[in-house]
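The lines below spell out each chain.
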Amino acid sequence: MKLKPTAIALALLAATLNVQAHEDDEAPVKYKPGMRYGDSASMGNGRFTAYTKISPKGKPEAVGVEFHESTLKNLPHHPLNDGKTCLDLNRDDKIDDHDECVGGHSRTLYFDPNPSQFKNITINWEAHGHVPDQVYDRPHFDFHFYTIPDTERLAVFTGDCPGLTNCAVEAKAKNPVAPQYVHADMFNTNLVYAHMGNHYADSTAPEFNGGTFTNTFILGTFDGRITFYEPMMSKDYLDSKPDDCLPVKQPAAVQTDGWYPTQYCTRFNEHTKTYRVSFEAFSYRKAS
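Summary of the structure given here. What you see is a predicted model; the values in this text were computed from it and never measured. (Residues numbered from 1 in each chain as written. Predicted model: local features only at pLDDT ≥ 70, side-chain atom pairs only at ≥ 80, totals over all residues. Heavy atoms only, no water.)

Description of the state of the cysteines
We apply this condition: Cysteine sulfur atoms are paired as a disulfide whenever they fall within 2.5 Å. Runs of H or I in DSSP of at least four residues are treated as helices and runs of E of at least two as strands, each being numbered from the N terminus.
Evaluated as defined, the whole model comprises three disulfides. Through a disulfide, Cys-86 is tied to Cys-101; the S-S separation comes to 2.0 Å. Because the torsion about its S-S bond is 110°, the bridge between Cys-86 and Cys-101 counts as right-handed. Here Cys-101 lies in the loop between β3 (60–68) and β4 (105–110) and Cys-86 lies in the loop between β3 and β4, a separation of 15 residues in the sequence.

Listed below in structure tokens is the structure:
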């Protein structure tokens, strides 16, 4: 009986610690607040640099890539691809840039540890665009923000099937995402590419409704799971020096607990002559 007050005191202490731990979940010590720059890689006459911005409470405010306007000058055009994702399909000991390569010129950068689900970004410069013809066959950039490790992205092997994918991998990649996890406007293109995965596009985008592609949003998937978020922007759009934020259309449910962006932004700073392409306005959602 003498131990009862002690037991009660310990229980109260434990409850207090549990509450404190729950409150601290919003501000993990390992995520240092402020602006943090990650990897950097050259392209054109400039560089791409990954960055994250974290609030004083440890919440993600922005995850993106920054680059000077010089990066858009002297971009590679020949060869059309950097050779990272190519395959000699006709076995003639030569690589045809048009038919035996995908991905254009790419750079992969890692973000510093951050509270968002984004681990790395692969930026693809497509000097002549890509399929579908008359839709995305304009010079443009694909900004792939991956929610999976880079080793998993590279496991989408090359092979003889469309998109230079291994045929078994291609079939697996096309497995649809459950409808509650994608917005109703997003449709499965069944376009799978090696070292990427499958793609869902926005049926309401101008390029699918008689307009011209300038700036659009794509979802990447593999085997029914969302694996990347992709703002895709024409070179002409970036040359216009935009200052835009557009909504990321939200699904009814999400597959995993985490911080989800509700908008993506493209901003040009006239003073510093730099661009930022980022995901912002994050909201925490529980899987269901």
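Concerning the sheet that holds β3
Strand pairing within a sheet occurs via backbone hydrogen bonds; the two strands may be parallel or antiparallel. Stated formally: Pairs of strands are assigned from DSSP output, requiring at least two bridges between the strands. Axis lines are fitted through C-alpha atoms, for helices just across the contact stretch, and the angle between N-to-C directions can take any value from 0 to 180 degrees.
Across the sheet, which stays open at both edges, the six strands sit in the order β1-β2-β3-β14-β13-β12 with antiparallel pairing between neighbours. For this open sheet the edge positions go to β1 (34–43) and β12 (243–247), each flanked by a neighbour on one side alone. Neighbour-to-neighbour, the strand axes of this sheet turn through a mean angle of 20°, independent of strand direction. Bridge count for β12 against strand β13 (residues 258–269) is five bridges, and the pairing is antiparallel. Residue Pro-247 lies in a different strand from β13, and its bridge partner there is Gln-263.

Quick look at the nonpolar core
The criterion, for reference: The set of buried Ala, Val, Leu, Ile, Met, Phe, Trp, Tyr and Cys residues whose side-chain atoms join them within 4.5 Å is what this entry labels a nonpolar core. A simple rule labels every residue: compare its accessible area, found with a 1.4 Å probe on the protein chains alone, to the largest value its type can have, and call it buried under 20%, exposed over 50%, or partly exposed in between. The criterion used for residue contact is that any of the two residues' heavy atoms lie within 4.5 Å.
Phe-48, Val-65, Phe-67, Phe-141, Phe-143, Tyr-229 and Phe-279 are the most contacted members of the largest nonpolar core, which has 43 residues in total. Those residues in contact with Val-65, other than ones at most four positions away along the chain, are Phe-48, Thr-49, Ala-50, Tyr-51, Leu-109, Ile-121, Ile-123, Phe-143, Tyr-275, Arg-276 and Val-277.

Considering the sheet that holds strand β9 (residues 198–202)
Pairing is antiparallel across the open sheet formed by seven strands, whose spatial order is β4-β5-β6-β11-β10-β9-β8. Edge positions in the open sheet fall to β4 and β8 (186–188), since each of these has one partner strand only. On average, each strand axis in the sheet is inclined to that of its neighbour by 25°, with strand direction left out of account. Relative to strand β5 (residues 120–126), β4 runs antiparallel, the two being bridged by six bridges. Looking across to β5, one finds that Leu-109 is bridged to Ile-121.

Topic: the pairing of strand β2 (residues 46–54)
Two faces belong to every sheet, and in a regular strand the side chains alternate between them. When you tally the buried positions in β2, you get seven out of nine residues, the bulk of the element. Examined bridge by bridge, β1 and β2 share eight bridges and lie antiparallel to one another. Bridging from a neighbouring strand, Met-35 pairs with Lys-53 of β2. Here β1 hands over to β2 after two residues, with Gly-44 in that stretch at a positive phi of 55°. Summarising the sheet, β2 and β3 pair through seven bridges and their orientation is antiparallel. Residue pairing in the sheet places Phe-48 in a bridge with Phe-67 of β3. With antiparallel pairing between neighbouring strands as the criterion, β2 and β3 make up a hairpin whose turn holds five residues, including Gly-58 at a positive phi of roughly 85°.

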